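Here's the letter readout for the chains.
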Amino acid sequence: MADSASHSHSMSHVAHHFADSEQQAESSKMGMWIFLLTEVLFFGGLFCAYVIFRAWKPDMFYEAHKTLSMSMGATNTVVLIVSSVTMALAIRAMQLGDKIKTLAYLWSTMALAGVFLVIKYFEYAHKFHVGQLPGQFYTYTGVEGTNPHVFFSVYFAMTGLHGIHVIAGMIAIGWLIWRTQKNHFNANYYTPIEMTGLYWHLVDLIWIFLFPLFYLIH
Amino acid sequence: MSMVMPKMNYLAEPKGLWSWIVTYDHKRIGLLYLAAITLFFAIAGFLAILIRTELLYPGQDIMDANTYNQVFTLHGAIMIFLFIIPSIPAALGNFVLPLMIGAKDVAFPKLNLASWYIYVFGSIFAIYSILASAVDTGWTFYTPYSTTTGTAVISMTLGAFILGFSSIFTGINFIVTVHKMRAPGMTWYKLPLMIWALYATALIQVMATPVLAITLLLLVLERWLGVGIFDPALGGDPVLYQHFFWFYSHPAVYIMILPALGIISELIATFSHKKIFGYKFIAYSSLAIAFTSFLVWAHHMFTSGQSELAAMIFSFITFFVGVPTGIKIFNWLLTMYKAQIDLRTPMVYALSFIFLFTIGGLTGIFLGALSVDIHLHDTYFIVAHFHYVMMGGTVIAFLGGLHFWWPKMFGKLYNETAGRIGAAIIFVGFNMTFLPQFVLGSQGMPRRYWTYVDAYQPLHAFSSYGSFILGLGFILVFVYLMHSLIWGRQAPKNIWGSLTMEWETTSPPHPHNFEEDKVLQHGPYDYDKVLIDRDEALTDYGYDTTTGEPGEHRESVAKE
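Residues numbered from 1 in each chain as written. Chains lettered and ligands numbered in written order. Predicted model: local features only at pLDDT ≥ 70, side-chain atom pairs only at ≥ 80, totals over all residues. Heavy atoms only, no water.

## What about the overall build of chain A?
Then, in step 1: Each helix and strand in chain A was counted, giving seven helices and zero strands.
Then, in step 2: A globule of 218 residues ought to have a C-alpha radius of gyration of about 17 Å, yet chain A, at 21 Å, is considerably larger.
Then, in step 3: Overall, the C-alpha framework of chain A stretches about 70 × 30 × 25 Å when taken along its three principal axes.
Then, in step 4: Counted over contacts in chain A with a minimum sequence separation of 6, partners at least 24 positions apart contribute 77%.
Then, in step 5: Within chain A, the 12 negative side-chain charges are centred at a point lying 7 Å from the centre of the 11 positive side-chain charges. (Helix = DSSP H or I, 4+ residues; strand = E, 2+ residues; numbered from the N terminus. Rg over C-alpha atoms; globule rule 2.2 N^0.38 Å. Contact = heavy atoms within 4.5 Å. Lys, Arg positive; Asp, Glu negative; His and termini not counted. Charge placed at Lys NZ, Arg CZ, Asp CG, Glu CD.)

Next comes the structure, spelled out in structure tokens:
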């Protein structure tokens, strides 16, 4: 270990198996993009299920989508887009070495993610209350067409999985806040903020597809 | 000349059990995988022997129908998810990939260790399902049966779901490592063909596994909440499940076979001591197989009720898989043509592979033909076909690779004679087990049945006896490999006289792989340009340098 320690002490964040900081950052970035690809394919299965069931029962999907609150969905869309902006600003602030601003933007992103989940909670709570539940738990009677519970199965599977990703993102942002506090980042090294940013934009992007697919059918 | 184990090697440094548990070293992680998959191979192999014992005679021999369903499900699920998928990429690949490209480690060592722990975690779920209530759905978990059976399908599928992440992490690691960590001078066309194969495998792991993950997650939701996406009683579509499942699981077949093809390329070139024929064709055929694998999934579903047009298109595309595969086989044969072939144990496995894999591949073409498949679907013909590909292909190549890199991994040499005998027993036992199954299948013996009509008895018995021989072969291999760890002779740097980079370091390698930063000196197959001191490699082991056979002075070398 002695030899690797001697030539890397000036760049303490570079692991022993990388030649330099650039190789490490490039590798992280590529790894993250591939991970995002797996996320897209993961959701891809659900989008595929959505397309098939909607193609089979377009009328039922249209009727069922009316039960969703368009204003809540639209608000959430705006909230997530703004959170993507604050995330990007956090990266920019750390590129300039501004710790205070970075923290402020990270906390804003965290807060917006919280707002998204609170709104989602009210939407879910209402659906639970009136029985618009997935599959066999479905008791609502106000939607015409065959098997309306399938719409809610797909709805809950997709938005639920997205919600889990939002929570995972909040955990990652919390970790970034902690590390920023501890002065782990500087203008030369901010890879984890950038990577979490990429992930957060993807979470945002998935919602941007979910919103029209569920709320804006016509 | 006598050799001693290099003091600074990854097996010895750092010391202690804890240093293995938290290791980020790709070589140690490779060994952790190797230990785990060996355990699961033994378990699933034992289950296979139970299956064949039950099938010795019609009717109940050692288990009832229900137990039989559970045993073959566990055999399949363990072999596929816990053994074959991680076997070559995660165990051997982890060990050799950074060494072959002159890197100090994979790009993300922590992720690499995480993938092993996730694998262990997933396998605990699988074992729990075995102990709790053995799953009886077959490894494919087809709905609607899998959503209604009373067995522990949820924990089994969650296990497979978790194992998928382990596979994805390995895939991400390999892709980034190949892109970013190559030694200076190692361009893409200087990469060993094993690396091309692992790269193509990693692409499939990354692109197909997430679809399996969501499928299994939906299956869990289906059982747990009754969401009705796959359940026809609730308005869902069971054929959708099959599409989802095979969208992953057909490419997954290539996760299993592509790295095997990579190993064979290395073995053929090394033991022919000749520049490999058609390097670029072999390299691109790996990518072509990976690409085609995503377009053929529905050939598993010809009898599922999908549209005839779809079946025809999928049948047609399926034939294309044969083209890149054929390219590889012809290139290997041409590499061996007029070469001085060194018939060591790994090469015996390589030749065995070409024979068995060709049978497996060609019978795959039969099955891809729509009309033939209607007759052969769900018969023993399928069983024989995929065992020829998975076992005659992947397992034989895995053993070839294991014997090839064993001296590098442990710095020890196994007994060459025992190695060749083991390879021969496995070859004979394998063919005895599975050749009769082609005949049984074409005569209509359905798969997954615990009993059969009397007419099939002689062939079934022959197959069962073959499987016992096969089992003995594996036990022999295990015994002499373990023996070599303690009593084996110290291996030199480059025992086979190979030109790939992993042979330029000590055996076993330095904890950081190489003592110095690597720069590429020559291509991996430049046997026509580079004069390798094969004699030194051979005399190190006490081989006769003219015949390549163990010579008379071998014993005297050992005593020094």
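## What about the domain arrangement of chain B?
Then, in step 1: Domain annotation of chain B identifies domain 1 (17-513 + 520-529) and domain 2 (530-560).
Then, in step 2: Computed over C-alpha atoms only, the centres of domain 1 of chain B and domain 2 of chain B are separated by 34 Å. (Domains from an automatic or database assignment.)

## Quick notes on the pattern of salt bridges
Then, in step 1: Overall, the coordinates contain 13 salt bridges over all chains when judged by the stated rule.
Then, in step 2: Glu123 of chain A serves as the salt-bridge partner of Lys120 of chain A, at 3.2 Å between the closest nitrogen and oxygen. Taken together, the positions of Lys120 of chain A and Glu123 of chain A, both in helix α5 (residues 99-130) and three residues apart, correspond to about one turn of that helix. Glu123 of chain A matches Lys120 of chain A in its accessibility class, with the two residues each being buried.
Then, in step 3: One salt bridge connects Asp342 of chain B with Arg344 of chain B, and the closest N-O pair in it is separated by 3.6 Å. (Salt bridge = Lys/Arg side-chain N within 4 Å of Asp/Glu carboxyl O. Buried < 20%, exposed > 50% of the residue type's maximum accessible area, 1.4 Å probe, protein only.)

## Here's the deal with the nonpolar core
Then, in step 1: Ranked by size, the top nonpolar core spans 245 residues in total, and within it Phe151 and Phe214 of chain A together with Phe81, Phe353 and Met409 of chain B carry the most contacts.
Then, in step 2: The element contributing the most residues to this core is helix α3 (residues 65-100) of chain B, with 22 residues.
Then, in step 3: For Phe151 of chain A, the residues in contact, after removing those within four places along its chain, are Met60, Phe61, Ala64, His65, Leu68, Phe214 and Ile217 of chain A. (Core = buried A, V, L, I, M, F, W, Y, C linked by side-chain atoms within 4.5 Å.)

## Remarks on the interface of chain B and chain A
Then, in step 1: Contacts between the two partners involve 36 residues from chain B, matched on the other side by 36 residues from chain A.
Then, in step 2: Between chain B and chain A lies a buried interface of about 2900 Å² when both sides are counted; carbon and sulfur atoms form 76% of it.
Then, in step 3: For the pair chain B and chain A, the number of links is one salt bridge.
Then, in step 4: At the surface where chain B touches chain A, the tally comes to six residue pairs in polar contact (both at pLDDT 80 or more).
Then, in step 5: When residues of the side of chain B that touches chain A are traced back to their parent elements, those giving at least two are α6 (153-180), α7 (193-225) and α8 (238-272) of chain B.
Then, in step 6: Of all the elements, α7 of chain B adds the most residues to the side of chain B that touches chain A, at eleven residues.
Then, in step 7: Looking at the side of chain B that touches chain A residue by residue, the class counts come to 26 nonpolar, six polar and four charged. (Buried area = accessible area lost by both parts, 1.4 Å probe. Polar contact = N/O pair within 3.5 Å; in protein donor to acceptor, adjacent residues only side chain to side chain. Nonpolar A, V, L, I, M, F, W, Y, C, P; charged D, E, K, R; others polar.)

## Overview of unusual backbone geometry
Residue and element names in this part refer to chain B.
Then, in step 1: Geometrically, the link from Thr143 to Pro144 is a cis peptide bond, its omega value of 0° lying close to zero.
Then, in step 2: Here the residue pair Ser507 and Pro508 is connected by a cis peptide bond, since its omega of -10° sits within 30 degrees of zero.
Then, in step 3: Its place among the elements puts Pro508 in the loop between β2 (489-490) and α16 (534-541).
Then, in step 4: Even without being glycine, Asp378 reaches a positive phi, approximately 55°.
Then, in step 5: Relative to the elements of secondary structure, Asp378 occurs in the loop between α12 (370-376) and α13 (380-410).
Then, in step 6: For Asp378, a relative accessible area of 35% corresponds to the partly exposed category.
Then, in step 7: One non-glycine residue, Arg448, adopts positive backbone phi at about 65°.
Then, in step 8: Mapped onto the fold, Arg448 is located in the loop between α14 (416-442) and α15 (457-487).

## Looking at the confidence of the model for chain B
Residue and element names in this part refer to chain B.
Then, in step 1: For chain B, per-residue confidence averages 90 on the pLDDT scale, and residues scoring 70 or more make up 94% of the total.
Then, in step 2: When the elements of chain B are averaged for pLDDT, helix α17 (residues 554-559) gives the smallest value, 38, and α14 the largest, 97.
Then, in step 3: Below pLDDT 50 for its whole length, residues 544-560 participates in 25 contacts with residues either more than four positions away or in separate chains. (pLDDT = per-residue confidence, 0-100.)

## Some details on the side chain of Ser87 of chain B
Then, in step 1: Along the chain, Ser87 of chain B turns up in helix α3.
Then, in step 2: Sequence-distant contacts of Ser87 of chain B, that is, excluding residues within four places in its chain, are made with Ile37, Leu92, Thr394 and Phe398 of chain B.

## A few points about a nonpolar patch on the surface
Residues and elements named next belong to chain B.
Then, in step 1: On the surface, a cluster of nonpolar side chains totalling about 720 Å² of accessible area is made up of Phe316, Phe319, Phe320, Val323, Leu362, Ile365, Phe366 and Val372.
Then, in step 2: Taken together, the elements giving at least two residues each to the nonpolar patch come down to α10 (308-336) and α11 (345-368).
Then, in step 3: Among the elements that make up the nonpolar patch, the one with the highest residue count is α10 (four residues).
Then, in step 4: Within the secondary structure, Phe319 sits in helix α10.
Then, in step 5: A residue is classified by how much of its surface remains accessible, and Phe319, at 34% relative accessible area, is partly exposed. (Patch = residues over 30% accessible without salt bridge, like charges linked within 9 Å, V, L, I, M, F, W, Y side chains within 5 Å. Areas by Shrake-Rupley, 256 points an atom, 1.4 Å probe, with all protein chains shown as cover.)

## As for the packing of aromatic side chains
Then, in step 1: Evaluation of the coordinates by the stated rule reveals 65 aromatic pairs over all chains.
Then, in step 2: Relative to Phe43 of chain A, the ring of Phe42 of chain A has its centre 6.3 Å away and its plane inclined at 85°; by these criteria the two rings are edge-to-face.
Then, in step 3: The exposure class of Phe42 of chain A is buried, given its relative accessible area of 8%.
Then, in step 4: Given a relative accessible area of 1%, Phe43 of chain A falls into the buried group.
Then, in step 5: Pairing Phe271 of chain B with Phe404 of chain B gives two aromatic rings, centres 5.8 Å apart and planes at 70°, and the pair type is edge-to-face. With a gap of 133 residues between them, Phe271 of chain B in helix α8 and Phe404 of chain B in helix α13 connect regions that are remote in the sequence.
Then, in step 6: A network of ring pairs unites the aromatic residues Tyr50, Phe61, Tyr124, Phe128, Tyr138, Phe151, Phe152, Tyr155, Phe156 and Phe214 of chain A as a single cluster.
Then, in step 7: A cation over a ring is seen here: Arg28 of chain B above Trp20 of chain B, with NZ or CZ 4.1 Å from the ring centre.
Then, in step 8: When the ring centre of Tyr189 of chain B is taken as origin, the NZ or CZ atom of Lys280 of chain B, which lies over that ring, is 4.1 Å away. (Phe/Tyr/Trp six-rings, centres within 6.5 Å; stacked < 30°, edge-to-face > 60°. Lys NZ or Arg CZ within 6 Å of the ring centre and 35° of its normal.)

## Structural notes on empty space enclosed by the protein
Residue and element names in this part refer to chain B.
Then, in step 1: As enumerated under the stated definition, the model contains three cavities of 30 Å³ or more in all.
Then, in step 2: When its volume is computed, the largest cavity comes out at roughly 130 Å³.
Then, in step 3: Taken together, 16 residues line the largest cavity, and the ones lying closest to its centre are Phe81, Ile85, Pro86, Leu163 and Ser167.
Then, in step 4: Looking at the lining of the largest cavity, the elements that each hand over two or more residues are α3, α6 and α7.
Then, in step 5: Grouping the amino acids of the lining of the largest cavity by side-chain chemistry returns eleven nonpolar, five polar and no charged.
Then, in step 6: There is about 60 Å³ of room inside the second largest cavity.
Then, in step 7: Lining the second largest cavity are 14 residues; nearest its centre among them are Met186, Leu499, Met501, Leu520 and His522.
Then, in step 8: Of the residues that constitute the lining of the second largest cavity, the class distribution is eight nonpolar, four polar and two charged. (1 Å grid on protein atoms, 1.4 Å probe; cavity = no way out; pocket = protein on both sides within 12 Å on 5 of 7 lines; lining within 4 Å. Points joined across faces, edges and corners; volume = space filled by probe spheres on them.)

## Describing helix α9 (residues 279-293) of chain B
Residues and elements named next belong to chain B.
Then, in step 1: The end-to-end C-alpha distance of α9 is 21 Å, a good match for the 21 Å that 15 residues give at a rise of 1.5 Å each.
Then, in step 2: Taken residue by residue, α9 has Tyr279, Ile282, Ala283, Ser285, Ser286, Ile289, Ala290, Thr292 and Ser293 as its buried positions.
Then, in step 3: On its buried face, α9 is in contact with α7, α8 and α10. (Expected span 1.5 Å × (residues − 1).)

## Considerations on the layout of surface pockets
Then, in step 1: Quantified by volume, the second largest pocket comes out at close to 1800 Å³.
Then, in step 2: Lining of the second largest pocket is provided by 47 residues; of these, Ala107, Phe108, Pro109, Lys110 and Leu111 of chain B occupy positions nearest its centre.
Then, in step 3: Of all the secondary structure elements, the ones that give two or more residues to the lining of the second largest pocket are α1 (2-8), α2 (21-56), α6 (148-181) and α7 (191-215) of chain A together with α4 (109-132) and α6 of chain B.
Then, in step 4: Among the elements that line the lining of the second largest pocket, the one with the most residues is α6 of chain A, at six residues.
Then, in step 5: Split by residue class, the lining of the second largest pocket holds 26 nonpolar, 15 polar and six charged.

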